[in-house]
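# Topology and contacts: notes
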Amino acid sequence: MNKTMKKMMVAAVSMAMLAGCSNSNSGTNGGGTVTTDGSTSMEKVIGALGEAYQQETGVGFTYNPTGSGSGIKAVQEGRCDIGLSSRALKDEEKESGLTETVLAYDGIAIIVNPNNTVEDLSLEMITKIYTGEVKNWSELGGKDGEIVLIGREAGSGTRDGFEAITDTEEKCQYRQELTSTGDVITTVSQNENAIGYASVSAVKDTVKAVTVDGVSPTEDTIKDGSYVVQRPFVLVTKADKELSDAASKFFDYITSADACDIITAAGVVPAYKEGK
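Now for a description of the structure that goes with this document. Quantities reported herein were computed from a predicted structural model and do not represent experimental measurements. (Residues numbered from 1 in each chain as written. Predicted model: local features only at pLDDT ≥ 70, side-chain atom pairs only at ≥ 80, totals over all residues. Heavy atoms only, no water.)

### A look at the nonpolar core
Convention followed: Only buried residues count toward a nonpolar core, which is a set of Ala, Val, Leu, Ile, Met, Phe, Trp, Tyr and Cys residues joined through side-chain atoms within 4.5 Å. Accessible area is worked out with a 1.4 Å probe on protein chains only. A residue is then buried under 20% of its type maximum, exposed over 50%, and partly exposed in between. Helix and strand definitions follow DSSP, with helices as H or I runs of at least four residues and strands as E runs of at least two, each counted in order from the N terminus. Any two residues having at least one pair of non-hydrogen atoms within 4.5 Å are treated as being in contact.
Ranked by size, the top nonpolar core spans 27 residues in total, and within it Val 34, Val 45, Leu 103, Leu 235, Phe 250, Ile 254 and Ile 263 carry the most contacts. Of all the secondary structure elements, the ones that give two or more residues to this core are helix H2 (43-57), strand E2 (60-65), strand E3 (82-85), strand E4 (98-112), strand E11 (230-238) and helix H9 (245-254). Of the residues forming this core, the biggest block, six residues, is contributed by H9. Contacts of Ile 263, omitting those with residues within four sequence positions, involve Val 45, Leu 49, Leu 103, Ala 104, Ile 254, Val 268, Val 269, Pro 270 and Tyr 272. Counting residues in each nonpolar core, the second largest holds 25 residues, with Ile 108, Ile 222, Tyr 227 and Val 269 among its members.

### Some details on the environment of Gly 151
Mapping Gly 151 onto the fold places it in strand E6 (residues 148-152). The residues touching Gly 151, leaving out its near neighbours within four places in the chain, are Tyr 174, Gln 176, Glu 177, Leu 178, Val 184 and Tyr 197.

### A look at the layout of surface pockets
Quick reminder of the rule: Each cavity reported here is a set of points on a 1 Å grid over the protein atoms alone in which a 1.4 Å probe fits but cannot get out, each pocket an open set with protein on both sides within 12 Å along at least five of seven lines, and each lining residue one with an atom within 4 Å of a point. Grid points are joined across faces, edges and corners, and a volume is the space filled by probe spheres set on the points. Polarity classes work like this: nonpolar for Ala, Val, Leu, Ile, Met, Phe, Trp, Tyr, Cys and Pro, charged for Asp, Glu, Lys and Arg, and polar for all others, with Gly in that last group.
Put simply, the largest pocket is a space of about 250 Å³. Forming the boundary of the largest pocket are 14 residues, of which Thr 181, Gly 182, Ile 185, Ala 202 and Lys 204 lie nearest the centre. No other element matches the five residues that helix H7 (residues 181-189) contributes to the lining of the largest pocket. Among the residues forming the lining of the largest pocket, the class breakdown is two nonpolar, nine polar and three charged.

### Quick notes on the pairing of strand E1 (residues 33-38)
Note the threshold: The pairing criterion is simple: DSSP has to find at least two bridges between the two strands. Convention used here: a crossover is right-handed provided that the path from the first strand, over the helix, to the second strand proceeds clockwise when the strands point away from the viewer.
Pairing geometry for E1 and E2, over six bridges, is parallel. Of the residues in E2, the one forming a bridge with Thr 33 is Gly 60. Between the parallel pair E1 and E2, the chain is carried across by H2, and the sense of this crossover is right-handed. Pairing analysis gives three bridges linking E1 to E3, with the strands arranged parallel. Within the sheet, the bridge partner assigned to Thr 36 lies in E3 and is Ile 82.

### A few points about the packing of aromatic side chains
What counts here: Aromatic contacts are taken between Phe, Tyr and Trp rings whose centres are within 6.5 Å, Trp giving its six-membered ring; a plane angle under 30 degrees counts as stacked, one over 60 as edge-to-face, and the others as tilted.
As enumerated under the stated definition, the model contains eight aromatic pairs in all. Relative to Phe 250, the ring of Tyr 53 has its centre 5.3 Å away and its plane inclined at 65°; by these criteria the two rings are edge-to-face. Taken together, the positions of Tyr 53 in helix H2 and Phe 250 in helix H9 put the pair 197 residues apart, joining distant regions of the chain. The burial state of Tyr 53 is the same as that of Phe 250; both residues are buried. Ring centres of Tyr 130 and Phe 162 lie 4.8 Å apart, and the angle between their planes is 65°; this geometry places the pair in the edge-to-face category. With Tyr 130 in helix H5 (residues 123-130) and Phe 162 in helix H6 (residues 157-166), this residue pair connects regions lying 32 residues apart in the sequence.

### With respect to the pattern of salt bridges
Applicable threshold: The term salt bridge refers to a side-chain nitrogen of Lys or Arg lying within 4 Å of a carboxyl oxygen of Asp or Glu.
By the definition in use, this model includes 13 salt bridges. Of the charged contacts, one joins Glu 93 and Arg 87 as a salt bridge, the two residues approaching to 2.8 Å between their closest N and O atoms. Taken together, the salt bridges that share partners define one network made up of Lys 73, Glu 77 and Arg 79.

### Side note on the pairing of strand E8 (residues 194-199)
Of all six residues in E8, six are buried; the element is thus mostly enclosed. As paired strands, E4 and E8 are joined by five bridges and run antiparallel to one another. Bridge pairing in E8 places Val 112 opposite Ile 195. Where E6 and E8 come together, two bridges link them in parallel fashion. In the strand pairing of E8, Leu 149 is matched with Ile 195.

### With respect to the packing of H2 against H9
We count it as follows: Axes, fitted as lines to C-alpha atoms, cover a helix only where it is in contact. Angles between the N-to-C directions of the axes lie from 0 to 180 degrees. By convention, the crossing between two helices is left-handed when the near helix turns anticlockwise from the far helix through less than a right angle, and right-handed when the turn is clockwise.
Two numbers describe how H2 lies on H9: the axes approach to 11 Å, and their chain directions differ by 120°. H2 and H9 meet at a crossing whose hand is right-handed. Between H2 and H9, the contacting residues are Ile 46, Leu 49, Gly 50, Ala 52, Tyr 53 and Glu 56 on the first element and Ala 246, Lys 249, Phe 250, Tyr 253 and Ile 254 on the second. Class assignment of the residues belonging to the contact of H2 with H9 gives a composition of eight nonpolar, one polar and two charged.

Have a look at this one:
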């Protein structure tokens with residue numbers, strides 16, 4: 001090997017080592033990057049928390065909106081630090097070595113097109129709508145029109161939560177099963193006869209959230225439990241594996257009182273008690 005080639009190889013190795021040190025020591029909090037993966041419904045709250053933490057510490061943060069089921073699987077396979085699920089873990093998932101920490105509670109809004117004259121639905125009536133027992137808006141005091149059922153795809157935490165609360169597992173007669181909260185909202189906004197469900201924090205003025213048994217989905221009604229269509233936002237980790245230093249500090253931050261205002265501003269209710 002000639003001297004020129006040897007010098008080039010030494011220089012390349014030195015640059016690689018420096019780059020590695022730079023990546024592992026970036027940020028004022030010990031460095032590293034925190035990777036999260038999962039629930040699309042948690043996009044607003046986890047995005048706000050990640051941005052605030054990144055600005056405060058300089059630690060990198062990434063979020064991959066793949067859906068609750070995919071986020072849980074990503075943790076199992078070691079592809080992310082923290083999984084995000086908009087449903088509680090199932091017994092078999094816990095038995096596989098996963099653990100859950102409730103970050104916040106989120107209402108699931110029942111949404112219709114703004115031109116729909118129906119303002120309130122009972123939980124019983126929502127069940128009858130989604131199982132196909134009630135098929136026309138005129139049966140509910142609305143205009144004549146076949147009800148178009150919009151829902152989420154299998155594996156969605158929002159779908160699991162909605163179907164568990166309404167007791168409609170494997171009974172829903174969906175016209176469309178969509179892969180994100182945003183898609184559900186857009187589809188309902190474009191069809192006067194459509195009905196769907198979506199995270200309260202994601203609802204826009206392009207759709208209308210009906211009251212359920214006379215109760216509107218608000219922070220107060222979610223907190224006191226009077227709005228019954230609600231579910232947890234869960235952080236998923238491996239029970240037998242410690243988080244990296246960067247991920248551990250991020251986890252502690254978002255589950256502390258310091259994050260309360262950020263979580264509330266994102267439209268969901270913090271799970272921890274005030275003053276904790």
